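# Structure assessment
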Amino acid sequence: MKLLENYIQTYGEAINKDVLKVDAFINHQIDPKLMMELAKDIQNHFQNKTITKIVTIETSGIAPSLFLGYLLNVPVVYLKKNPSKITTDECYQTLVHSFTKNKDYTVTCSKKYLHQDDKVLFIDDFMANGEACIGAIKIIEEAQAELCGIAIIIEKAFQSGRKKVEELGYSVYSLARIQSLDNGKITFISE
Ligand code: 5GP
């Protein structure tokens, strides 16, 4: 998506060869107009699917998900990163390794908000090695919901996430695909 690539090129910072900082419009300050354009793009891409629920992971997946939820008129469920105080049999849980913090954390989802009859679109801000996405897949599969699509705002295509998710039988739709962050220069895989 050209608009997103322009934002990344203008406001993004390659802080090293592996990590892109987009605090100016996604991860700290949020640009609502951009969020709406991202949501419209995702809506357009998945227009042939019947989506009944959007699932994302807190925190940065929530903003684009909310705009899409509004457009599709479906609820948005975010997987929580903090251990739940309610008993584990009331929620789905899985362990995820954080790429940016280099530690494991538990993601949880109340069984009240994810059901067998849900047709889910999963959204996240970044894909690196696919851990967050695979954690979400595990929870969605455990709930026996149908995972209809995966939309990633920024995929770092030089990392292993897409391959791992595809090996599980799911395809990945990314709005921007980063080819490299080497030497502080951001390059994209063209559409
Ligand atoms: P993965 O689970 O695919 O290895 O990493 C994806 C998660 O790590 C995303 O939810 C995102 O929060 C974080 N992440 C991975 N790479 C980056 C990055 O380059 N920049 C930022 N801001 N977050 C990242």
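About the criteria used
- Residues numbered from 1 in each chain as written.
- Predicted model: local features only at pLDDT ≥ 70, side-chain atom pairs only at ≥ 80, totals over all residues.
- Helix = DSSP H or I, 4+ residues; strand = E, 2+ residues; numbered from the N terminus.
- Contact = placed C-beta atoms within 7 Å.
- Core = buried A, V, L, I, M, F, W, Y, C linked by C-beta atoms within 7 Å.
- Buried ≥ 20, exposed ≤ 12 C-beta atoms within 10 Å, placed from the backbone.
- UniProt positions renumbered as here; feature names shortened; annotations may be inferred.
- Pairing = 2+ DSSP bridges.
- Arc of directions from axis to C-beta.

## So, the environment of Met1
With respect to the helices and strands, the residue Met1 is situated in the segment before helix 1 (2–11). When the C-alpha positions of Met1 and Leu175 are compared, they lie 5.4 Å apart, and in sequence the two are 174 residues distant. For Met1, the contacting residues outside a window of four places in its chain are Asp41, Leu175 and Ala176.

## Concerning the nonpolar core
The biggest cluster of nonpolar side chains holds 51 residues, and the ones touching the most others in it are Phe122 and Ala136. When residues no more than four places from it in sequence are discounted, the contact partners of Ala136 are Val55, Ile57, Leu79 and Phe122.

## Describing unusual backbone geometry
Along the chain, Glu58 connects to Thr59 via a cis peptide bond; the corresponding omega equals 5 degrees. Positive phi is not limited to glycine here, since Asn73 has a value of about 60 degrees. Along the chain, Asn73 turns up in the loop between helix 4 (62–72) and strand 4 (76–79). Its identity as a non-glycine residue notwithstanding, Asn183 has a phi of 55 degrees, on the positive side. You can see Asn183 is positioned in the loop between strand 9 (173–180) and strand 10 (187–188). In this structure Asn183 comes out as exposed when scored by C-beta crowding, with 7 C-beta atoms within 10 Å.

## A look at the UniProt feature "binding site: 5-phospho-alpha-D-ribose 1-diphosphate" (unreviewed entry) in the protein chain
UniProt annotation of "binding site: 5-phospho-alpha-D-ribose 1-diphosphate" (unreviewed entry) refers to Ala128, Asn129, Gly130, Glu131 and Ala132 when read in the numbering used here. Residue placement: Ala128 occurs in the loop between strand 7 (119–127) and helix 5 (131–142). The residues touching Ala128, leaving out its near neighbours within four places in the chain, are Phe99, Lys156, Gln159 and Gly161. In this fold, Gly130 is placed in the loop between strand 7 and helix 5.

## Description of the pairing of strand 5 (residues 91–97)
Where strand 5 meets strand 6 (residues 104–110), seven bridges bridge the pair, whose relative direction is antiparallel. Along strand 6, the bridge assignment pairs Val96 with Tyr105. In this structure, the hairpin formed by strand 5 and strand 6 is closed by a connection of six residues, where Asn102 is found at a positive phi of approximately 50 degrees.

## With respect to helix 1
Those residues of helix 1 that fall on the buried side of the exposure criterion are Leu4, Tyr7 and Ile8. The buried residues of helix 1 occupy an angular sector of 95 degrees when the element is viewed end-on, so they sit on one face. More than 90 degrees from the buried face of helix 1, the exposed residues found are Lys2, Asn6 and Thr10.

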